[in-house]
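# Chain and residue survey
Each chain is listed here by its residues.
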Amino acid sequence: MSAKVRVRFAPSPTGPLHIGGVRTALYNYLFAKKHKGDFVLRIEDTDQNRYVEGAEDYIIESLNWCGIPFNEGPGKEGDYGPYRQSERKDMYRKYAEELIKSDNAYYAFDTAEELDAHRKDHEEKGKTFIYNWHNRQKLKNSLALSEDEIRDKLDAGEDYVIRFKSPEAENLHIKDEIRGEMEIDTSTLDDKVLFKSDGMPTYHLANIVDDHLMEISHVIRGEEWLPSLALHFMLYRAFGWDAPKFAHLPLILKPQGKGKLSKRDGDKLGFPVFPLEWKDPNSGEISAGYREDGYFPEAVTNMLAFLGWNPGTEQEFFKLNELVEAFEIDRVHKGGAKFDPEKTKWFQQHYMHEADEKVVAEKLEKILQHKEIEASSEYVLQVVELMKERAVFVNDIWEQGYFFFVAPTSYDPKNAKKAWKEDTSDLMQELIDVLKEQESFEAETLEAKVKAWIQEKEVGFGKVMQPFRLALVGAMQGPDLYEIAEMIGKEETISRLEKAIKTLG
Ligand code: GLU
């Protein structure tokens, strides 16, 4: 690649960033890093009606959390700013007017009511109304009106839009980096609105002008923008600019495979479709996020990378830097990628196993702080060492190992019924006496001692160990019991046994 690679992620701040948007950002990031290029964030906020408070911050925080920060964008000014289209709005008019001058665009004065009437009229005849070469001479625009009429309307301040003049019959050949060459017949395209008399450009014009001015080399975006590609291609041609290369990423499909993955699918099946939790500023409704649900960003980016791409080898675990290394845009699939929530968990489990125990311990400490439970960092780390193996999320360590921090407040009734018999209280009382004699509470010594006592008494191991576990843990779960006893210490072990005798005896 000769010219510098510059890609952009160009979301509209209309709400939380969907996981599909995060994937688009990720692929842009990977492509930029792979080719030592720039990754630009541009906020496309020309449609003020759809602007949502907090959405831009959410987008930026999401990218940062995923570990895919942009190197140019709002708050990180480079040579191509500003990076919010609302702050660039004065730039666009001259480009729209340039297209009128070159006969690639025209003023249209048709009111919304008039257009509606045309639509209805067509529908009644079983046809679809398309504003293009087919009927534009019969409509209220600068191609059909006389120069005087046009000037009068403009002088009178009548509302207008500027429309692109789509060619009547041309076969465009456009190359997409993923889909190869596509042939598009312009005769079915409508004359899209580029600019409105309120001074605001539409998405199409602003997007092309900005990609050009920001020297974007590759446009990598979702498949939903494929229908706009012909117009964008023609706009570059009309301006006489070199078009960037285009790559349209496949849709992310529902787990069942049909249709686009939606927030509703996530709600129904219990998985987030957003990277971070989002609180809707109007309704106050909260949507789950991967971060808050306890996923590590490595798991999320690994999962997203495989939604529409694979390296062509058996390897499935890729850290971000490995993805940068392996990523090839021409290995991106054309077909939609089925979302698989279980797969995300599987990635999470892997990264949990791989995680540094100290890092996990820090996260567990936060959970404990939240519950107002005090424990030394050293102690928390020891718990992590004992429990990490079986956990998928950090919170699992709490759920499966709460007894390291707090005495059980209840006993699993089924387990209790099975483990606590008539003679159990006496047996546990004797166990307490054995434990009291113990100087060292180290797991191995403790085990030897208790085992010797059980053998001497000639009772079954289960008869002792089951109620012992119930007393310390509250249920038949958890790691080696002697490890637990060592961790919580002599005093606490005895106190839990006494409490169990009182409650269950
Ligand atoms: N603003 C568009 C969006 O919300 C950008 C599409 C593009 O990348 O061209 O996705």
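Summarised in this report is the structure supplied together with it. (Residues numbered from 1 in each chain as written. Predicted model: local features only at pLDDT ≥ 70, side-chain atom pairs only at ≥ 80, totals over all residues. Heavy atoms only, no water.)

### Examining the layout of surface pockets
Convention followed: Only protein atoms enter the calculation, which uses a 1 Å grid: trapped sets of points that fit a 1.4 Å probe without letting it out are cavities, open sets showing protein on both sides within 12 Å along at least five of seven lines are pockets, and any residue with an atom within 4 Å of a point is a lining residue. Grid points are joined across faces, edges and corners, and a volume is the space filled by probe spheres set on the points. In this text, helices come from DSSP runs of H or I with a minimum length of four residues, and strands from runs of E with a minimum of two, each type numbered from the N-terminal end. In the scheme used here, Gly and all other residues not listed as nonpolar or charged are polar, with Ala, Val, Leu, Ile, Met, Phe, Trp, Tyr, Cys and Pro taken as nonpolar and Asp, Glu, Lys and Arg as charged.
The space that makes up the largest pocket amounts to roughly 1100 Å³. Forming the boundary of the largest pocket are 43 residues, of which Pro 11, Ser 12, Thr 14, Glu 224 and Trp 225 lie nearest the centre. Elements that contribute at least two residues to the lining of the largest pocket include exactly strand S1 (6-9), helix H1 (19-34), helix H6 (203-213) and strand S8 (218-222). Broken down by element, the residue count for the lining of the largest pocket peaks at five residues, all from H1. Along the lines of polarity and charge, the residues of the lining of the largest pocket split into 18 nonpolar, 13 polar and 12 charged.

### Thoughts on the packing of helix H16 (residues 424-437) against helix H18 (residues 461-473)
So the rule is basically this: Fitted lines through C-alpha atoms give the axes, limited to the stretch in contact for helices. The angle between two N-to-C directions lies from 0 to 180 degrees. Here the angle decides the label: under 35 degrees means roughly parallel, over 145 means roughly antiparallel, 65 to 115 means roughly perpendicular, and every other value means oblique. Contacts are residue-level and defined by heavy atoms, with any inter-residue pair within 4.5 Å sufficient.
It is at 10 Å that the axes of H16 and H18 come closest, and there the two elements cross at 80°. As far as their axial angle goes, H18 and H16 are roughly perpendicular. Contact with H16, carried on its side by Thr 424, Leu 427, Met 428, Leu 431 and Leu 435, involves Lys 463, Val 464, Pro 467 and Phe 468 of H18 and no other residues of that element. Along the lines of polarity and charge, the residues of the contact of H16 with H18 split into seven nonpolar, one polar and one charged.

### Considering the packing of H6 against helix H7 (residues 229-239)
Heads up, the condition is: Crossing chirality is assigned from the near helix's rotation relative to the far helix, an anticlockwise turn below a right angle marking it left-handed and a clockwise turn marking it right-handed.
The interhelical angle for the contact between H6 and H7, taken along N-to-C directions, is 55°, at an axis separation of 10 Å. The pairing of H6 with H7 is recorded here as oblique in orientation. When the axes of H6 and H7 are compared, the crossing they make is right-handed. Where H6 approaches H7, its residues Tyr 203, His 204, Leu 205, Asn 207, Ile 208, Asp 211 and His 212 are matched on the opposing element by Leu 231, His 232, Leu 235, Tyr 236 and Phe 239. Looking at the contact of H6 with H7 residue by residue, the classes come out as seven nonpolar, four polar and one charged.

### Points about the site of the ligand
Stated precisely, the cut-off is as follows: A cutoff of 4 Å decides nearness: a residue is near a molecule or strand if any of its heavy atoms lies inside that distance of it. Here a polar contact is recorded for every N or O atom pair within 3.5 Å, except that within protein the pair must consist of a potential hydrogen donor and a potential acceptor, and residues adjacent in sequence are included only if both atoms are side-chain atoms. Throughout, the Shrake-Rupley method with a 1.4 Å probe supplies accessible areas, and for residues the shown protein chains are the sole cover considered. Should more than half of a molecule's atoms lie within 2 Å of a pocket's or cavity's grid points, that molecule is taken to sit in it.
If you check the shell around the ligand, you find Arg 8, Ala 10, Pro 11, Ser 12, Glu 44, Tyr 203, Asn 207, Arg 221 and Trp 225 and nothing else. A distance of 2.9 Å separates an oxygen atom of the ligand from a polar atom in the side chain of Tyr 203. One of the side-chain N or O atoms of Trp 225 is found 3.4 Å from an oxygen atom in the ligand. Relative to its unbound accessible surface of 300 Å², the ligand loses 85% to contact with the protein. Among the detected pockets, the ligand sits in the largest pocket. Classifying every residue of the shell around the ligand gives four nonpolar, two polar and three charged.

### Overview of the pattern of salt bridges
Note the following rule: By salt bridge we mean one thing: a side-chain nitrogen of Lys or Arg within 4 Å of a carboxyl oxygen of Asp or Glu. Here the term buried applies to any residue with accessible area under 20% of the maximum for its type, exposed to any over 50%, and partly exposed to those in between, with areas from a 1.4 Å probe on protein chains only.
Inspection of every chain in the model, using the stated rule, returns 36 salt bridges. A salt bridge links Arg 6 to Glu 72; the shortest N-O distance between them is 2.9 Å. Pair noted here: Arg 6 is in strand S1 and Glu 72 is in the loop between helix H2 (55-66) and helix H3 (92-101), with a separation of 66 residues, a long-range link. One salt bridge connects Lys 343 with Glu 316, and the closest N-O pair in it is separated by 2.7 Å. Residue Lys 343 is located in helix H11 (residues 341-354), and its partner Glu 316 is located in the loop between helix H9 (297-305) and helix H10 (320-326); the two are separated by 27 residues in the primary sequence. A residue is classified by how much of its surface remains accessible, and Lys 343, at 29% relative accessible area, is partly exposed.

### Observations regarding the pairing of strand S6 (residues 180-185)
On a regular strand, one side chain projects to one face of the sheet and the next to the other, so that they alternate. Under the convention used in this document: Whether two strands pair comes down to DSSP finding at least two bridges between them.
Note: strand S5 (residues 171-176) against S6, six bridges, orientation antiparallel. Looking at S6, one finds that Asn 171 is bridged to Asp 185. The turn joining S5 and S6, which pair antiparallel and follow one another in sequence, is formed by three residues.

### With respect to unusual backbone geometry
Residues Gly 81 and Pro 82 are joined by a peptide bond in cis, for which omega reads -5°. Along the chain, Pro 82 turns up in the loop between H2 and H3. Backbone geometry at Glu 215 places phi at a positive 55°, although glycine is not the residue there. Inspection of the secondary structure puts Glu 215 in the loop between H6 and S8.

### Topic: the packing of aromatic side chains
What counts is decided by this rule: Here is the rule: rings of Phe, Tyr and Trp (six-membered ring for Trp) pair when centre to centre is within 6.5 Å. Planes less than 30 degrees apart are stacked, more than 60 are edge-to-face, and the remainder are tilted.
Tallying each qualifying case throughout the model produces 30 aromatic pairs. Measuring from centroid to centroid gives 6.4 Å for Phe 109 and Tyr 160, while their planes differ by 70°, and the two rings are edge-to-face. Highlighted residues: Phe 109 in the loop between strand S3 (105-108) and helix H4 (112-124) and Tyr 160 in the loop between helix H5 (147-155) and strand S4 (161-164), separated in sequence by 51 residues. Centre to centre, the rings of Tyr 290 and Tyr 295 are 4.9 Å apart; their planes meet at 65°, and the pair counts as edge-to-face. Grouping residues by exposure puts Tyr 290 and Tyr 295 together as buried. Put simply, the rings of Tyr 27, Phe 306, Trp 309, Phe 317, Phe 318, Phe 327, Trp 346, Phe 347 and Tyr 351 touch in pairs and so form one group of aromatic residues.

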